Amino acid sequence: MKKTICFLGIVALIAGCASFEQKRALSKPMVSLAMSKIQEDNVQGALVELRKAKDANPGDPEVYMGYALVYRQTGDYDKALENAEMAIAYADNVGLDHPGMKSDARFMKGTILMLRGGKEEEAVKIFRAAADDELYSHPEMAYSNISAIYYGLKRYPEAIQAAQQALNKDSRYAPAWRNLALAYQQEGNEDEAIKALDNAITHYNGYTEAHWDLAQILVRRGQTAEAVSHLNEVVRLDGNGPFGLKAQERLEDLGASH
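Predicted, not measured: the structure shown is a model, and the values here were computed from it.

> What is the right way to look at the environment of Ala130 in this model?
Position of Ala130 relative to the elements: it lies in helix H7 (residues 120–131). The spacing of Ala130 and Ala91 is 39 residues in sequence and 13 Å in space, taken between C-alpha atoms.

> Just to check I follow, could you spell out H7 for this structure?
Under the 1.5 Å per step criterion, the end-to-end length of H7 is 16 Å for twelve residues, consistent within 8% with the ideal 16 Å. Where the residues of H7 are buried, they touch helix H6 (101–116) and helix H8 (139–152).

> When you look at the environment of Leu153 in this model, what are you seeing that I'm missing?
Take Leu153: it is sitting in the loop between H8 and helix H9 (156–169). You can call Leu153 partly exposed: its relative accessible area is 33%. Apart from the residues lying within four places of it in its own chain, the contact partners of Leu153 are Glu120 and Glu121.

> What's the story with the packing of aromatic side chains in this structure? I'm lost.
Within a pair of aromatic rings, the relevant descriptors are the distance that separates the centres and the angle that separates the planes. Enumeration according to the criterion identifies seven aromatic pairs in this entry. Ring centres of Tyr67 and Tyr71 lie 6.1 Å apart, and the angle between their planes is 10°; on these two criteria the pair is classed as stacked. Placement of both Tyr67 and Tyr71 in helix H4 (residues 61–74) is noted, with a separation of four residues, approximately one turn of the helix. Residue classification places Tyr67 among the buried residues on the basis of a relative accessible area of 9%. By relative accessible area, Tyr71 is classed as buried at 17%. Within the aromatic cluster, the residues linked to one another by ring pairs are Phe107, Phe127 and Tyr136.

Criteria and thresholds
Residues numbered from 1 in each chain as written. Predicted model: local features only at pLDDT ≥ 70, side-chain atom pairs only at ≥ 80, totals over all residues. Heavy atoms only, no water. Helix = DSSP H or I, 4+ residues; strand = E, 2+ residues; numbered from the N terminus. Expected span 1.5 Å × (residues − 1). Contact = heavy atoms within 4.5 Å. Buried < 20%, exposed > 50% of the residue type's maximum accessible area, 1.4 Å probe, protein only. Phe/Tyr/Trp six-rings, centres within 6.5 Å; stacked < 30°, edge-to-face > 60°.

Now the structure itself:
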């Protein structure tokens, strides 16, 4: 009798008669495995797992988030955007099993729009929608990206305002401090830029770009010893990477060792 019940249960799943919760019990671990493969840069393996997850549960928004992440990483932004939109459409299916799912998907969509370019206003709108969701766990990231967009558009007062909104949500979020510093520099306010970069480094001492930015300001202000300290930190953090090599050249120009 038990064998018969089990068999009927399997048939129900295959026939698509199972509830969403039953289907998600199948798709969720497949998505988790796909995410692990993405972290390992195993794109093919991730796509295999995501395809199996989609077959098991085509209404699972996390499946589409996985696809969006894969295609974002491979630079296929059209497919990434299509899947981010599917994740938004199906987000309500998971309920409190993934609070803020819809805004996670919105953040993904906004990020893809940023990378693809040409849709800055749409990206700002979608990031704001994510940030306004009380269930979204990282509104500071959405506001920080808005700041970056406005900076790219040379709308510096708006970039400053968005960075400050990010920091109101989480004062420890280092990228927002750097965005704030960059916008202050463009507004000619180096004193505030230095304070912002100091905060970025305080909250993330391994922030290569912030050390580099701060060193450039300090060189211009004649504070060479402090600038050298930050340039050496860039070399330590980035070695022969792009920032590390630039820092080594700058140190040589200043006649300092590294």
